[in-house]
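Residue-level structural notes
Next come the chains, spelled out residue by residue.
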Amino acid sequence: MRVQLGSPLVVLALFWLPLLGGCSTEEPESRMKIIGVLNANDKHLPMVAGFKAGLADLGYQEGESIVYLEAGRVCSEGELGAAMGDLLRRRVDLVLALSTKAAQAAVAATAGTAVPVIFAGVVDPLGSGLATSMRAPDRNATGVRASPGTGKALEWLLRIRPGVKRILVPFADDSPPAAQSLAALREAAEKLQVELVVPTVASLPELEQALASPPNGVDGLFLLSSALLARHMDRFVAAAIRHQLPLASAIGHENGVPVTVGQDRFQVGRQASRQAHAVLQGTPAWRIPIEQPDVLLQLHLPTAAASGLAIPPEVLILAQDVIR
């Protein structure tokens with residue numbers, strides 16, 4: 001049967017063609033973006049807030065164009081694999097991984113998938129196996145490394161108290177950042193001609209014993225990066241006050257450490273949000289260089305005074321963050 005161009009059958013077919021052509025299994029580009037957050041350290045929660053604020057400034061409105069899963073949860077090391085599997089089952093578009101362990105779990109779980117990873121709070125991305133190059137990561141992941149402030153913290157301690165020659169450094173070998181921060185401190189101490197006394201501790205009782213009676217001649221105290229030590233920063237502060245020792249660290253002054261060279265975690269989150277935006281707009285993560293945050297001198301004056309550490313006016317002026 002021949003059908004004329006103007007017949008009802010042709011008109012009906014032409015009517016349905018646009019509708020059939022619009023049926024697609026692909027979701028539109030404008031659909032809500034789903035961001036999974038994998039966090040293994042409660043100290044990194046300000047990074048989540050900074051990340052969300054940064055994306056909001058870039059036009060992503062939470063609940064309208066973007067949603068965050070597990071944004072407030074802090075996982076133990078044993079929960080990371082299961083939490084990451086849950087995020088992938090919920091079809092996230094991107095994973096924000098905070099801490100070295102979280103980043104390693106996220107990169108391992110997303111291998112062979114199209115899900116990119118943005119990490120932060122990672123001391124050594126290369127040594128942790130997350131990338132082979134800072135300029136061009138070879139995996140579907142990039143991010144902002146933790147500020148390498150360990151050596152700088154020692155430099156500032158000696159600038160504030162020039163006579164320090166022998167420093168007590170309890171060491172807990174419980175994570176890659178712990179060994180990396182000790183190596184950085186040893187390198188700086190060699191250049192500055194400072195002796196390190198490094199007792200190994202594996203529990204809170206061992207840490208308390210190391211801090212209870214410093215060896216003779218110790219005239220300084222240093223707090224390294226470590227999961228165990230970070231949970232007990234207050235023990236270091238108490239020891240510094242009790243023994244009148246200057247204390248420095250590179251992991252934050254929130255708990256009263258008088259001299260810290262670290263990072264503004266909220267701003268690190270903002271920095272990572274710009275990388276995430278580029279990825280969400282179509283740039284492969286492996287094309288985005290790993291960035292480094294600004295390193296800040298942070299002072300806690302009440303603890304400094306209580307531990308007998310006088311902060312020179314010229315140092316006080318140079319500090320970016322001062323708790324009075």
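Whatever comes next refers back to the structure up there.
Report follows, based on the coordinates.

Cut-offs applied
Residues numbered from 1 in each chain as written. Predicted model: local features only at pLDDT ≥ 70, side-chain atom pairs only at ≥ 80, totals over all residues. Heavy atoms only, no water. Core = buried A, V, L, I, M, F, W, Y, C linked by side-chain atoms within 4.5 Å. Buried < 20%, exposed > 50% of the residue type's maximum accessible area, 1.4 Å probe, protein only. Helix = DSSP H or I, 4+ residues; strand = E, 2+ residues; numbered from the N terminus. Phe/Tyr/Trp six-rings, centres within 6.5 Å; stacked < 30°, edge-to-face > 60°. Pairing = 2+ DSSP bridges. Axes fitted to C-alpha atoms, helices over the stretch in contact; angles between N-to-C directions. Contact = heavy atoms within 4.5 Å. Salt bridge = Lys/Arg side-chain N within 4 Å of Asp/Glu carboxyl O. Polar contact = N/O pair within 3.5 Å; in protein donor to acceptor, adjacent residues only side chain to side chain.

With that settled, consider the nonpolar core. Membership of the largest hydrophobic core comes to 52 residues, with the highest contact counts inside it found for Ile 167, Leu 221, Phe 222 and Leu 299. Take this core: its biggest share by element is 6 residues, from helix 5 (residues 150-160). Ala 106, Val 115, Val 122 and Ala 131 belong to the second largest nonpolar core, which has 24 residues in total.

Within this structure, the stated rule accounts for 1 aromatic pair. Ring geometry for Phe 51 versus Tyr 68: centroids 6.4 Å apart, planes at 80°, classification edge-to-face. Of this pair, Phe 51 sits in helix 2 (residues 45-57) while Tyr 68 sits in strand 2 (residues 66-69), and the two are 17 residues apart along the sequence. In this structure, Phe 51 and Tyr 68 share a single accessibility class: buried.

Attention shifts here to the sheet that holds strand 4 (residues 117-122). With respect to topology, 5 strands assemble into an open sheet ordered 2-1-3-4-5, the strand pairing being parallel. Bordering the open sheet on either side are strand 2 and strand 5 (141-145), each of which pairs with just one other strand. Taken over all neighbouring pairs, the strand axes of this sheet differ in orientation by 20° on average, direction set aside. Sheet topology note: the strand 1 (residues 33-39)/strand 3 (residues 94-98) ladder contains 5 bridges and is parallel. Across the sheet, residue Leu 38 finds its bridge partner in strand 3, namely Ala 97. On the sheet, helix 3 (residues 80-89) packs against strand 1, strand 2 and strand 3 and is oriented at approximately 180° with respect to strand 1. Packed onto the sheet, helix 4 (residues 100-110) meets strand 1, strand 3, strand 4 and strand 5 and runs at close to 160° relative to strand 4.

Let us look at the pattern of salt bridges. Throughout the structure, instances matching the rule amount to 13 salt bridges. Between Lys 152 and Glu 155 there is a salt bridge; the shortest N-O distance is 3.7 Å. In this pair, Lys 152 and Glu 155 are both assigned in helix 5, 3 residues apart and thus about one turn of the helix distant. The shortest N-O distance in the salt bridge between Arg 235 and Glu 208 comes to 3.2 Å. One end of the pair, Arg 235, is in helix 9 (residues 233-243); the other, Glu 208, is in helix 7 (residues 204-212), and 27 residues separate them in sequence. In this structure Arg 235 comes out as partly exposed when scored by relative accessible area, which is 28%. One salt-bridge network, held together by shared partners, links Glu 70, Arg 73, Glu 79, Asp 86 and Arg 90.

Moving on: the pairing of strand 5. By the criterion of burial, strand 5 is predominantly enclosed, with 5 of the 5 residues buried. As paired strands, strand 4 and strand 5 are joined by 5 bridges and run parallel to one another. Note on strand 5: the bridge partner recorded for Val 117 is Ala 141.

Once that is clear, we can look at the environment of Gly 112. Here Gly 112 shows up in the loop between helix 4 and strand 4. Taking the relative accessible area as the measure of exposure, Gly 112 reaches 88% and is therefore exposed.

Take the environment of Lys 191 next. Topologically, Lys 191 is positioned in helix 6 (residues 176-192). Exposure remark for Lys 191: the relative accessible area of 65% places this residue in the exposed category. Between the C-alpha atoms of Lys 191 and Glu 155, which are 36 residues apart in sequence, the distance is 10.0 Å.

Here the phi dihedral of Gln 193 falls at roughly 60°; this positive angle occurs in a residue that is not glycine. Tracing the sequence through the fold places Gln 193 in the loop between helix 6 and strand 7 (195-197). Residue classification places Gln 193 among the exposed residues on the basis of a relative accessible area of 63%. Of note in this structure, Gln 244 is not a glycine but carries a positive phi near 55°. By the secondary structure assignment, Gln 244 is in the loop between helix 9 and strand 9 (247-249).

Moving on: the side chain of Ser 307. Within the secondary structure layout, Ser 307 lies in the loop between helix 11 (301-306) and helix 12 (313-318). Looking at Ser 307, the relative accessible area reads 1%, which means it is buried. Within the local environment of Ser 307, its side chain forms a polar contact with the backbone oxygen of Thr 303, the two atoms lying 2.9 Å apart. Side-chain polar atoms of Ser 307 contact the backbone oxygen of Ala 304, separated by 3.2 Å. Setting aside anything within four residues of it in sequence, one finds Ser 307 in contact with Ala 240, Ile 241, Gln 244 and Leu 245.

It is worth stressing that arrangement in space is one thing and function is another; only the former is reported here.
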